[in-house]
Amino acid sequence: MKKNILIDVERLKYPRSGIANVCISLIRGLDEKLCHFNYTLYGPEKNIPATQSDFKIINWKFWQKKIKINISSFSLIHVTHQLSDYFHSKKSNQKKVVTLHDLNFLHDKSSARKIEKSKKLVQKNIGNADAIVCISEFVKNDFLKNKHLFILKNDVKVDVIYNGLIFPENEVFSSDKKYEFIDHKFILNIGVLFPKKNQEVLLNLITGNERELVLITSSAKSEYKEIFLEKVKKLGLEKKVHILENVENHEKYFLLQHCESYCHPSLAEGFGIPPVEAMYFGKPIFLSNLTSLPEIGGDLAFYFKDFLGDSMRKTYDDGIEKFNVDKENYTVKLKERASKFSYKQMADSYEELYKILLD
C-alpha cells in the first residue's frame, strides 16, 4: 500500500514569488512521475495547478494557524519553507522534511527582535525534522556554521537539492504591449526592490552611455524603493529606468528574449531563479560573487568583484565583448547549464529522499 505524504505549498498564496514557482515545479515534477506515494497538497486551492495524478488538496485557511488540521494519516510531512506557520508538530511515527531557503535574517542587519522571532520560527520547523534540505551548497554551509543556534534531532539529515524550474516550451515570445525601450540596448533585473537585492548599483551601468535599465518587480512599497527612485532622479536617469510591476510570465519571457543582458548584483541569495531563466534564453549574465550565485552561474557568468562604478562598467563591457565574440557557443552552454536546474531533477531528488526516510 502506498504511504501518504503531505506537502505544504501554502506559499502559493503569493503566486508570483520565487518560492511559489518552486512549489509549482515540485508539483509538476511529482505529477509527471510514476508516483510511489499518495500526495496531498496543502495550500490555496485556487492557485494549485491541476494535476493528472490523483493528488488530493487540503484548502488553506488563515485560521489554520490556530486550529490545526488533522495530519495523523500522513507518513511524512514536507514543509517547503523554513518560516512556515503550519505543521510544527508531528507524531513519533511520522517523518518530516523541511526545505531551508536561507538564513538571511542573521546577515541582513535585521533588528535583534526580528532575528529572535525568525530564529524561533525556524526552530519550530526544523527542530523535529528528519531531513533539512538546503537549496544550495552555500545555504548548507551557512546552516552548518550556525547550527549551534538551533536544537535539532541527533540523526537529522542535511542535504542539498537545487531548486528546479519549469522552462517555457516556446523560445520566441511576442507582446501586445508597446515598450518604448524594446529596440534599445537594455539590462534586465528581476526581483523585489529590496536592500539585499542591491539594484541601485545597476545605475552605474547606464550612466554615461545609451543603455537602459528594466526592473521587473512587485508593486509592494518599500523604503528602499523610495531611496532607489530618489537616486534615479538625482542622476537624471528617469527616462532610462523602467519599472514594471507584477509582470505575467509570458511578458517576462518576452523581455528576457530581448534584453542585452541579465544583471543580478544581489548581496544575499539562497539560490537565484532569475539568472537561471536568463541562462535558458542564452543571455549573458552578470552576478555578484557573493553567497550562492557562483554556484548558479559557474564559469559561464561574469562577476562583479565590487560595486564601484568604473569597476562595474569594465566588468560589464569586457563581459559583453567576450560574449559577443563567441555568442553561439556561449548560448548553447548557458542553456545546457540552465537545464541542470530542472523541475524533473528536483522532483526526482525529493522523492528519493522521501523513500529513504520511509523505508
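Before reading further, recall that the structure is shown in the block above.
### Some details on the state of the cysteines
Part 1 of the argument: With the rule as written, the count across this model stands at zero disulfides.
Part 2 of the argument: For the unlinked cysteine C23, the closest cysteine sulfur is that of C35, found at 16 Å.
Part 3 of the argument: Accessibility expressed as a relative area gives 3% for C23, which makes it buried.
Part 4 of the argument: Of all cysteine sulfurs in the structure, the one in C23 sits closest to C134, which takes part in no disulfide; the separation is 17 Å.
Part 5 of the argument: With a relative accessible area of 0%, C134 lands in the buried category.

### Focus: the sheet that holds strand β13 (residues 302–304)
Part 1 of the argument: One open sheet accounts for six strands, arranged β10-β9-β8-β11-β12-β13; its pairing is parallel. Either end of the sheet is taken by a strand with one partner, and the two such strands are β10 (241–245) and β13. Within the sheet, the average angular offset between the axes of one strand and its neighbour, ignoring direction, is 25 degrees.
Part 2 of the argument: Where strand β9 (residues 212–217) lies against β10, five bridges are found, and the strand directions are parallel. Pairing of L215 across the sheet is with I243, part of β10.
Part 3 of the argument: The sheet contacts of helix α5 (residues 249–258) involve β8 (186–190), β9, β10 and β11 (261–264), and relative to β8 the element is tilted by about 140 degrees.
Part 4 of the argument: Those strands touched by helix α6 (residues 273–280) are β8, β11 and β12 (285–288), and its axis lies near 165 degrees from that of β11.

### Looking at the sheet that holds strand β1 (residues 3–8)
Part 1 of the argument: One open sheet holds the seven strands; their spatial order is β3-β2-β1-β4-β5-β6-β7, and the pairing between them is parallel. Of all strands in the sheet, those bounded by a partner on one side alone are β3 (56–59) and β7 (157–160). The sheet shows a mean angle of 20 degrees between the axes of neighbouring strands, direction not considered.
Part 2 of the argument: Contacting β5 (95–100), β6 (131–134) and β7, helix α3 (residues 137–145) runs over the sheet at an angle of about 150 degrees to β7.

### Regarding the side chain of H101
Part 1 of the argument: Locating H101 in the fold gives a position in the loop between β5 and α2 (112–126).
Part 2 of the argument: Within polar-contact distance, the side chain of H101 engages the backbone oxygen of T80 at 2.8 Å.

### Let's talk about the pattern of salt bridges
Part 1 of the argument: Scanning all chains against the criterion turns up 19 salt bridges.
Part 2 of the argument: Measuring nitrogen to oxygen at the nearest pair gives 2.5 Å for the salt bridge that ties E245 to K225. Residue E245 is found in strand β10, and its partner K225 is found in helix α4 (residues 223–234); the two are separated by 20 residues along the sequence.
Part 3 of the argument: Owing to a relative accessible area of 37%, E245 belongs among the partly exposed residues under this scheme.
Part 4 of the argument: Put simply, K252 and E277 hold a salt bridge, and the shortest N to O gap is 2.7 Å. With K252 in helix α5 and E277 in helix α6, the pair connects residues that are 25 residues apart, well separated along the chain. The two residues K252 and E277 agree in class, both being buried.
Part 5 of the argument: A network of salt bridges, in which partner residues are shared, links E10, R11 and K13.

### Here we look at the packing of helix α1 (residues 18–31) against helix α10 (residues 343–358)
Part 1 of the argument: Running from amino to carboxyl end, α1 crosses α10 at an angle of 75 degrees, the nearest separation of the two axes being 8 Å. The pairing of α1 with α10 is recorded here as roughly perpendicular in orientation. The residues of α10 that touch α1, namely those facing V22, S25, L26, R28, G29 and L30, are Y343, M346, A347, Y350, E351 and Y354.
Part 2 of the argument: Grouping the amino acids of the contact of α1 with α10 by side-chain chemistry returns eight nonpolar, two polar and two charged.

### Digging into α2
Note: α-helices contain 3.6 residues per turn, so residues at a spacing of three or four share the same orientation.
Part 1 of the argument: Along its 15 residues, α2 runs 21 Å from first to last C-alpha, staying within 8% of the 21 Å computed at 1.5 Å per residue.
Part 2 of the argument: Looking at α2, one finds that the buried residues are S118, K119, L121, V122, N125 and I126. Down the axis of α2, the smallest arc covering the buried residues is 165 degrees, so these residues share one side. Seen from the open side of α2, the exposed residues pointing more than 90 degrees away from its buried face are A112, R113, K117 and K120.

### Some words on a nonpolar patch on the surface
Part 1 of the argument: Residues F62, W63 and I67 make up a contiguous nonpolar surface patch of roughly 370 Å² in combined accessible area.
Part 2 of the argument: Relative to the assigned elements, I67 resides in the loop between β3 and β4 (76–79).

### Some words on the packing of aromatic side chains
Part 1 of the argument: Counting across every chain of the model gives 25 aromatic pairs.
Part 2 of the argument: Where Y162 meets F341, the ring centres are 5.4 Å apart and the plane angle is 90 degrees; that geometry is what we call edge-to-face. In this pair, Y162 sits in the loop between β7 and β8 while F341 sits in the loop between α9 (327–339) and α10, placing the two residues 179 residues apart along the sequence.
Part 3 of the argument: Taking relative accessible area as the criterion, Y162 reaches 29% and is therefore assigned partly exposed.
Part 4 of the argument: What makes F341 buried here is its relative accessible area of 6%.
Part 5 of the argument: Among the aromatic residues, those joined into a cluster by ring pairs are F286, F302, F304, Y316, F323 and Y330.
Part 6 of the argument: Above the ring of Y280, the side-chain terminus of K335 is found at 4.7 Å from the ring centroid.

About the thresholds
Residues numbered from 1 in each chain as written. Predicted model: local features only at pLDDT ≥ 70, side-chain atom pairs only at ≥ 80, totals over all residues. Heavy atoms only, no water. Disulfide = S-S within 2.5 Å. Buried < 20%, exposed > 50% of the residue type's maximum accessible area, 1.4 Å probe, protein only. Pairing = 2+ DSSP bridges. Helix = DSSP H or I, 4+ residues; strand = E, 2+ residues; numbered from the N terminus. Axes fitted to C-alpha atoms, helices over the stretch in contact; angles between N-to-C directions. Contact = heavy atoms within 4.5 Å. Polar contact = N/O pair within 3.5 Å; in protein donor to acceptor, adjacent residues only side chain to side chain. Salt bridge = Lys/Arg side-chain N within 4 Å of Asp/Glu carboxyl O. Parallel < 35°, antiparallel > 145°, perpendicular 65-115°, else oblique. Nonpolar A, V, L, I, M, F, W, Y, C, P; charged D, E, K, R; others polar. Expected span 1.5 Å × (residues − 1). Arc of directions from axis to C-beta. Patch = residues over 30% accessible without salt bridge, like charges linked within 9 Å, V, L, I, M, F, W, Y side chains within 5 Å. Areas by Shrake-Rupley, 256 points an atom, 1.4 Å probe, with all protein chains shown as cover. Phe/Tyr/Trp six-rings, centres within 6.5 Å; stacked < 30°, edge-to-face > 60°. Lys NZ or Arg CZ within 6 Å of the ring centre and 35° of its normal.

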